[in-house]
Amino acid sequence: MNPKLDLLHPYPFERLKALMAGIVPPAHLSPIALSIGEPKHQSPAFVKQALVDSIDQIAVYPTTKGGPALRHAIAQWCTMRFKLPEGSVDAEHNVLPVTGTREALFAFTQAMVNSESKVPLQGSQAPLQAPLQSPLIVSPNPFYQIYEGAALLAGAELHFLDCTLDNQFIPDLSTVPAEVWERCQLLQICTPGNPTGAVMSIEQLQQAIKLADQYDFIIASDECYSEVYLDEQSPPPGILEACAAMGRTDYSRCVAFHSLSKRSNLPGLRSGFVAGDASLLGDFLRYRTYHGCAMSMTTQAASTAAWNDETHVIDNRRQYREKFAAVTEILSDVLRFPEPQASFYLWPETPIDDTEFAAGLFAQQNVTLLPGRYLSRDTEQGNPGKGRVRMALVAETDVCIEAALRIKHYVQGLAV
Ligand SMILES: Cc1ncc(COP(=O)(O)O)c(C=O)c1O
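Residues numbered from 1 in each chain as written. Predicted model: local features only at pLDDT ≥ 70, side-chain atom pairs only at ≥ 80, totals over all residues. Heavy atoms only, no water.

I'd like a description of the pattern of salt bridges, backed by residues and values.
Under the definition given, this model contains 23 salt bridges. A salt bridge links Lys40 to Glu38, with the shortest nitrogen-to-oxygen separation between them at 2.4 Å. Accessibility expressed as a relative area gives 43% for Lys40, which makes it partly exposed. On the accessibility criterion, Glu38 (37% relative accessible area) is partly exposed. Arg373 serves as the salt-bridge partner of Asp353, at 2.5 Å between the closest nitrogen and oxygen. (Salt bridge = Lys/Arg side-chain N within 4 Å of Asp/Glu carboxyl O. Buried < 20%, exposed > 50% of the residue type's maximum accessible area, 1.4 Å probe, protein only.)

Here it is as structure tokens:
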């Protein structure tokens, strides 16, 4: 067996199941899950119709690269959404469909990391005999657990950047020592962030790009929440936009990951794309040909329809905006949380230990949410998830309001 499999941590939901084992929630209260980030709004009817209409294409093998209709729709969407110079995202070379960003984030790391490339320990008097160090992936902390598993299986170590109230939940790249950047092969970013909802500015993204040039690493920008934002006038910027704003229209060293799961409420479709540096995507395509994750032609037809339409996405945001307004109004009296900008999470501080908070809430109110520490790791500064919980506001508004009222009641009970 691959010994690196033993390095993998239990998934947050396994840990949650263990935490809840043996607790019997009150039977008179219906269960409400705020634990899983699975969108629950309606999938668009026209996308379902496109699946039905293209069903006969199930009879053919799809290509890994994807057909021209989908690649054009993606290239056009990227250009429009991130205000990129016309023609700079070439459907032939700068985009690749993926079967959800989860597999793509994982596979990209496997394809890009050179585990043979070891760097001598810095500061050694005898560099030739100095112990060699594995490649590094720099990741936010807390983080989407695929980043970590992908790094470990690719033979890389992780260097975590704590995202806390002090840095407005944005990884502070200026604190990273040069010897870390020297070993870094991949910088993983997530904007808007899961679980914090924090959005990186163009300037912060450009700081990452300048560091990537200086130290020769790749940036994987997970932007799967980019279309779930609260202020219709302020769409979160993306890494390609940051590139274009500095005249870097070859998008070198940069790859953005996008998904229809959250944007279009299609988590079961398994559809997303990667876009950016043509040379990196060429290598990734080569890897994917063997990886074997080509998107079926029916999924391609449905995805093309989804990327070509913004009306349903605007309506999706309206639903989240109404839900966030109602829930934050109820909870802001009893909990402190960063003002949500994007994504569908709240990331409040807990008045007691986060695991105790989650277990007690389940025991008293039959509401589940994720303890923050299940989404983060200990670092020298502590654990940035400790003392927080993640609430996924994915259910319909009335259910989320009911959950918020129960949480408020629970927190008020703790204070007595
Ligand atoms: C930060 C982040 N990235 C990627 C994904 C994967 O999404 P999908 O594979 O559905 O595109 C998720 C899913 O919850 C996520 O939270």
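Read on, since the account is not over.
Lay out the site of the ligand with the relevant residues and their values.
Near the ligand there are 15 residues, and of these Thr101, Asp222, Ser259, Ser261 and Arg270 occur at the shortest range. Here an oxygen atom of the ligand and a side-chain polar atom of Tyr225 are 2.7 Å apart. Against a free-state accessible area of 400 Å², the protein chains account for coverage of 92% of the ligand. Of all the cavities here, the one that holds the ligand is the largest pocket. Here the shell around the ligand gets three residues from one element, more than from any other, and that element is helix H4 (residues 101–112). The class makeup of the residues in the shell around the ligand is six nonpolar, five polar and four charged. (Near = heavy atom within 4 Å. Polar contact = N/O pair within 3.5 Å; in protein donor to acceptor, adjacent residues only side chain to side chain. Areas by Shrake-Rupley, 256 points an atom, 1.4 Å probe, with all protein chains shown as cover. 1 Å grid on protein atoms, 1.4 Å probe; cavity = no way out; pocket = protein on both sides within 12 Å on 5 of 7 lines; lining within 4 Å. Sits in = over half its atoms within 2 Å of the grid points. Helix = DSSP H or I, 4+ residues; strand = E, 2+ residues; numbered from the N terminus. Nonpolar A, V, L, I, M, F, W, Y, C, P; charged D, E, K, R; others polar.)

How would you explain the sheet that holds strand S13 (residues 370–371) if you had to name every residue and give the values?
If you walk across this open sheet you meet the three strands as S11-S14-S13, and the pairing is antiparallel. Each edge of the sheet is formed by a strand with only one pairing partner; in this case those strands are strand S11 (345–346) and S13. Pairing between S13 and strand S14 (residues 389–392): two bridges, direction antiparallel. Residue Pro371 lies in a different strand from S14, and its bridge partner there is Val389. (Pairing = 2+ DSSP bridges.)

Tell me about helix H7 (residues 202–215), and name the residues and values.
Compared with an ideal rise of 1.5 Å per residue, which puts 14 residues at 20 Å, H7 spans 20 Å between its outermost C-alpha atoms and is within 8% of the ideal. Taken together, the buried positions of H7 are Leu205, Gln206, Ala208, Ile209, Leu211, Ala212 and Tyr215. On its buried side, H7 packs onto helix H6 (178–183), strand S7 (184–190), strand S8 (218–222), helix H8 (239–245) and strand S9 (254–259). (Expected span 1.5 Å × (residues − 1). Contact = heavy atoms within 4.5 Å.)

Would you mind going over the packing of helix H2 (residues 45–53) against helix H11 (residues 297–307) in detail, with residue names and values included?
Taken N-terminus to C-terminus, the directions of H2 and H11 make an angle of 150°; their axes are 8 Å apart at the nearest point. Here H11 runs roughly antiparallel to H2, going by the angle between their axes. As for the relative orientation of H2 and H11, their crossing is right-handed in sense. Taking contact as the criterion, the partners of Phe46, Val47, Ala50 and Leu51 in H2 are, on H11, Thr298, Thr299, Ala301, Ala302, Ala305 and Ala306. Of the residues belonging to the contact of H2 with H11, the class tally is eight nonpolar, two polar and no charged. (Axes fitted to C-alpha atoms, helices over the stretch in contact; angles between N-to-C directions. Parallel < 35°, antiparallel > 145°, perpendicular 65-115°, else oblique. Left-handed = near helix turned anticlockwise from the far one by under 90°.)

Everything listed here is a matter of coordinates, which is why it stays silent on function.
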